[in-house]
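Fold and geometry: a report
As a plain string of letters, each chain reads:
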Amino acid sequence: MLLRFRLGYVDLAVEKTAIKPTIYEHPEFTTFITGMNMHFAAWRDASAARLKALKVDCHPKQVQRLSDAEVIANVIITLIGGHETTMNLIASGFLTLLRNPESYEQLRSRPEIIASAVEELLRFESPVQHTARIAPADMRLGGKLIKKGSRVVVVLAAADRDPNRFPNPDCIDLTRTDNRHLAFGWAAHFCFGAPLARMEGQVAFNALLNRLGSPELTGEPLQWRENAGLRGLTALRITFKPGVPKN
Ligand code: HEM
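This write-up is about the structure you can find in this document. If you're wondering where the values come from, they're calculated on a predicted model, not measured in any experiment.

1. Focus on the site of the ligand
Every one of the 20 residues lining the ligand counts as a neighbour, but Gly81, Gly82, Gly185, Cys191 and Gly193 are closest to it. Counting only elements with at least two residues in the shell around the ligand, the list comes to α4 (68-99) and α8 (194-211). Here the shell around the ligand gets seven residues from one element, more than from any other, and that element is α4. Its residues assigned to classes, the shell around the ligand shows 11 nonpolar, nine polar and no charged.

2. Some thoughts on the packing of α4 against helix α6 (residues 114-124)
For any two helices packed against each other, the geometry is given by the interaxial angle and the distance between the axes. At a minimum axis distance of 10 Å, the contact between α4 and α6 shows a crossing angle of 95°. Taken as axis vectors, α4 and α6 run roughly perpendicular relative to one another. Within the contact between the two elements, α4 uses Leu89, Gly93 and Thr96 and α6 uses Leu121, Leu122 and Phe124. When its residues are assigned to classes, the contact of α4 with α6 shows four nonpolar, two polar and no charged.

Each value, and the rule that gives it
- All residue numbers here refer to positions counted from 1 along the written sequence of the relevant chain.
- pLDDT decides what is reported in this predicted model: residues at 70 or higher carry local features, side-chain atom pairs at 80 or more are listed and counted, and totals for whole chains, interfaces and linings draw on all residues regardless.
- Put plainly, near means the residue's C-beta atom, positioned from the backbone, lies within 6 Å of the molecule or strand in question.
- Starting at the N terminus, helices and strands are each numbered in turn, a helix being any DSSP run of H or I of at least four residues and a strand any DSSP run of E of at least two.
- Side-chain classes are defined by residue name, with Ala, Val, Leu, Ile, Met, Phe, Trp, Tyr, Cys and Pro counting as nonpolar, Asp, Glu, Lys and Arg as charged, and the others, Gly among them, as polar.
- Angles here are taken between N-to-C directions and fall from 0 to 180 degrees, while the axes themselves are lines fitted to C-alpha atoms, restricted in helices to the stretch in contact.
- By the definition adopted for this analysis, an angle is roughly parallel if under 35 degrees, roughly antiparallel if over 145, roughly perpendicular if from 65 to 115, and oblique otherwise.
- The contact criterion used is a C-beta to C-beta distance within 7 Å, with each C-beta placed from the backbone.

Structure follows, in structure tokens:
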């Protein structure tokens, strides 16, 4: 099912903008939703049968606290949020390291800085470029009036390069200390998978730096997805030599 979803999502990801909800008209997406509906219906029947076999008496409201639509909505955000973003963190982050050989070498020789390095790579090439909200009340921000009910696009990636917040924002510093970036959003909807994504990034960068000898970009032009919301490469082509790099 993940593979089928991935195929559908590739098409979503190449949409010019993530704001327009054209995904709902996409045939792959409707097939995915139909499949999910069938899966959850079968799963619910099986769970009810198991509970009955155990002689556990549940009120129907306790058995199904979320509607199918709510469960599917959560599955979609977790699949997209958990898969595409982390993949982009790893590819864009590795590209950043290849383009900054001193930082690459710094991280390779001092693996203990991996936690702050991942935060810096998240700040520098934020996989989620923007989010959106509806203003709950009239408010002033940056000298502008935002009217109640207006749709507001918040460009997290721009905030992550804000020179009023970060010294030398366009340079990477893998040991940056005051690095409260917005790559995982903020407040009530702060990324639910941030600890997992951080861990995945740490494992992936450590493994790449330890296992690839002298990796280099092939020189082919880089192709970025044409997506305003999720920043990522369609591929990262590199060459490397066999053998573990020497310290
Ligand atoms: C580098 C990887 C990731 C990045 C950059 C990222 C980024 C974000 C951002 C910016 C938001 C907030 C959206 C908003 O406020 O509108 C968010 C929310 C969310 N993320 Fe992630 N994410 C990543 C990985 C993950 C993973 C691994 C999972 C799950 C396994 C995940 C699941 C979610 C979910 C469920 C939400 C919605 C939380 C809510 O609305 O309360 N994300 N993510």
